[in-house]
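Breakdown of the fold
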Amino acid sequence: MKLVLVLGDQLSENLSALQAGDKGKDVVVMAEVMGEAEYVPHHPKKVAFLFTAMRKFAARLRKDGWDVRYSKLDDEDNPGSLNGVLLQRAEELGTDAVLTTEAGEWRVIEALRDLPLNVEVLQDDRFIASHKEFEDWAEGRKALRMEYFYREMRRKTGLMMEGDDPSGGKWNFDHDNRKPAPGSVDYSGPMRFQTDEVTREVLDLVAEKFGTNFGTLDDFWFATDQGQARQHLAHWVKGGLPKFGDFQDAMMGEERFLYHAIVGLYINAGLLDPLEVCQAVEEAWKEGAAPINAAEGFIRQIIGWREYIRGIYFLEGPDYTSRNALGHSRDLPGLYWGQKTWMRCLEKAVEQTHDEAYAHHIQRLMVTGNFALLAGVEPSQVHEWYLAVYADAFEWVEAPNTIGMSQFADGGIIASKPYISSGNYIDKMSDYCKGCSYKVKDKTGPDACPFNLLYWHFLDRHRERFKDNHRMGNMYRVWDRMDEAKRETVLSEAEAFLAKLDAGETV
Ligand code: FAD
Ligand code: DLZ
Ligand code: SF4
């Protein structure tokens, strides 16, 4: 008899450990534990989502004939850690055999290796590329660029392919996907689900144990089982997908979701399968219900970016989260935890993160990520923030996005140049600047947009590293053409801003 360990983000019936287990003999072990819930201060909505989905998944497995031993967080004998639970169940059931699917975090993988039990770890085959396939693709390449990997995944899945060629004659329709914020949004946003008895019990528990963490539990609307997640997917494919591509990079102060799918949390926890999501999108495109730029753009995010990001996490190994190629050491400013700021873009991105445990990609990359990078915040602190505050955050996907794509702390494995911008980009893509206390057009002076000051400060302080990067030559040429007095003003105003930030003053 074996214990089949199912983690909080492994809520899929086709999970390899469940497929390999013997329903008549083996026992499924699932556990809410403080060790997992506390190692970063997770957003209460993220914890509530996971615990509710775990409880419902356990009920479904039981209905399906499994013997499930489920530890609730407030069970008196809850040992507080995954290893503790496994040791407890092993003793209770008189076995030392554990079957599990590889976890998505080195910390958990390594902890399970330390157990004095016989732990068999199976591949997580809920992904399109196995570790071996990614390693083979990466082998011998000078640069690991997502675009080429993505083409392999298109060929492998056959999604939007006409034989060997991509549908529409192009692999990538991103050119059509950069429209600025629209005047209004004609999609009602993600499907919202009523709380039921299971959810309410979890919400009470989470309020009691994690109520002081950053984030609110008010208005909890996430889907918490596969059926609901599928309903939400169908709702978005119909209403959101058609304009997903057009406004993928847009940001709006009063529109938190725009046309985004809000499926990351469901796929990552196992409630939706990435292929089923892509097939639903392909189907809509085939039926003429969505344009090619939307369908291709979305499918690229899932079978391209998502798979590529996972490949990098496992290729690079456990030390990836502590990388700091640019030597940044500033503490994460209090405004990330809700301290007042005059910067409207940051205020809005953090506010919706607090309320929804969600912000979309460009908010993460070009607002919160951009600011942390320009300000020189220590990447591990930025990483812990993203891991804590988003409902879709698990280390295998969050860390390469933060450490690599957003903070350039891996020295350029994922990004060929840092994702930095002045206020101009934010102004072009959003409606934030109109209502901001700073003036995005001001490059210096008391009202100058801090992104404008910090952008040049970043380039100037990292000149040695980036001056020969051919994608950044233009930026340095613009900087060098500025008259010296202006450059000095920019740098000294940037320094003064950073000093205020460090002093905890409202900026
Ligand atoms: P949509 O915008 O509708 O996109 C569809 C789906 O594509 C997403 O659900 C996701 O599954 C996939 N996808 C898109 N971009 C990426 C990407 N770069 N990496 C992996 N998958 C991608 N995504 C996470 O799932 N978990 C994280 O913890 C996470 N942390 C991030 C941290 C930073 C600093 C940045 C810049 C990005 C991060 N992302 C993360 C990627 C992306 O921002 C989210 O996947 C997306 O915002 C989720 O919202 P959505 O479901 O509405 O996605
Ligand atoms: C994120 C999380 C949280 C908050 N709580 C639990 C838990 O109580 N039990 C559990 O099995 N998993 C939890 N998780 C997810 C894990 O911490 C870990 O991030 C993933 O399993 C890695 O893939
Ligand atoms: Fe953000 Fe600058 Fe625009 Fe204000 S002016 S919203 S700080 S980019």
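First things first, this report covers the structure right here in the doc. Just so we're clear, the structure is a prediction, and the values are computed from it rather than from any experiment. (Residues numbered from 1 in each chain as written. Chains lettered and ligands numbered in written order. Predicted model: local features only at pLDDT ≥ 70, side-chain atom pairs only at ≥ 80, totals over all residues. Heavy atoms only, no water.)

1. So, the overall build of the protein
The helix and strand inventory of the protein stands at 22 helices and 7 strands. Dimensions along the principal axes, computed over C-alpha positions, put the protein at roughly 75 × 55 × 45 Å. Counting across all 507 residues of the protein, residues that qualify as buried make up 58%. Per element, the accessible surface of the protein, about 20600 Å² overall, is 46% carbon and sulfur. For the protein, the distance from the average site of its 60 positive side-chain charges to the average site of its 82 negative ones is 5 Å. (Helix = DSSP H or I, 4+ residues; strand = E, 2+ residues; numbered from the N terminus. Buried < 20%, exposed > 50% of the residue type's maximum accessible area, 1.4 Å probe, protein only. Areas by Shrake-Rupley, 256 points an atom, 1.4 Å probe, with all protein chains shown as cover. Lys, Arg positive; Asp, Glu negative; His and termini not counted. Charge placed at Lys NZ, Arg CZ, Asp CG, Glu CD.)

2. Quick notes on the site of ligand 2
Taken together, 19 residues sit near ligand 2, with Asp9, Ala31, Val33, Glu36 and Gly104 positioned nearest. Asp9 is positioned such that a nitrogen or oxygen atom in its side chain is 2.5 Å from an oxygen atom of ligand 2. Between an oxygen atom of ligand 2 and a side-chain N or O atom of Glu36, the distance comes to 2.5 Å. Burial of ligand 2 by the protein chains amounts to 100% of its free accessible area of 490 Å². At the level of elements, helix H2 (34–38) and helix H3 (44–63) are the ones that each hand at least two residues to the shell around ligand 2. Looking at the shell around ligand 2 element by element, the count peaks at 3 residues for H3. (Near = heavy atom within 4 Å. Polar contact = N/O pair within 3.5 Å; in protein donor to acceptor, adjacent residues only side chain to side chain.)

3. Observations concerning the packing of helix H16 (residues 379–389) against helix H17 (residues 395–406)
Contact geometry for H16 and H17: axes closest at 9 Å, N-to-C directions at 140°. Considering their axes alone, H16 and H17 lie oblique with respect to each other. The two elements H16 and H17 cross, and the hand of that crossing is right-handed. Contacts between H16 and H17 involve Pro379, Val382, His383, Tyr386 and Leu387 on the former and, on the latter, Glu395, Glu398, Ala399, Thr402 and Ile403. When grouped by side-chain class, the residues that make up the contact of H16 with H17 number 6 nonpolar, 2 polar and 2 charged. (Axes fitted to C-alpha atoms, helices over the stretch in contact; angles between N-to-C directions. Parallel < 35°, antiparallel > 145°, perpendicular 65-115°, else oblique. Left-handed = near helix turned anticlockwise from the far one by under 90°. Contact = heavy atoms within 4.5 Å. Nonpolar A, V, L, I, M, F, W, Y, C, P; charged D, E, K, R; others polar.)

4. Some thoughts on the packing of helix H6 (residues 131–138) against helix H13 (residues 292–316)
With their axes 10 Å apart at the nearest point, H6 and H13 run at an angle of 85° to one another. When the interaxial angle is binned, H6 and H13 end up roughly perpendicular. Residues His131, Phe134, Glu135, Trp137 and Ala138 of H6 lie in contact with H13, whose contacting residues are Tyr308, Arg310, Gly311, Ile312, Phe314 and Leu315. Per-class residue counts for the contact of H6 with H13 are 7 nonpolar, 2 polar and 2 charged.

5. Concerning the packing of aromatic side chains
Scanning the entire structure with this criterion turns up 32 aromatic pairs. On the basis of an interplanar angle of 90° and a centroid distance of 5.7 Å, the ring pair of Trp221 and Phe257 is categorised as edge-to-face. Here Phe257 lies in the loop between helix H10 (241–244) and helix H11 (264–269) and Trp221 lies in the loop between helix H8 (197–210) and helix H9 (226–239), a separation of 36 residues in the sequence. For the pair formed by Trp221 and Phe257, the shared burial category is buried. With centroids separated by 6.0 Å and ring planes inclined at 25°, the aromatic side chains of Phe458 and Phe466 adopt a geometry described as stacked. Grouped by ring-pair contacts, the aromatic residues Phe49, Phe220, Trp221, Phe222, Phe257, Tyr266 and Tyr358 constitute a single cluster. Between the NZ or CZ atom of Lys46 and the centre of the ring of Phe394, over which it lies, the distance is 5.5 Å. When the ring centre of Tyr358 is taken as reference, the NZ or CZ atom of Arg364 above it lies at 5.8 Å. (Phe/Tyr/Trp six-rings, centres within 6.5 Å; stacked < 30°, edge-to-face > 60°. Lys NZ or Arg CZ within 6 Å of the ring centre and 35° of its normal.)

Purely geometric stuff here, so don't read any function into it on its own.
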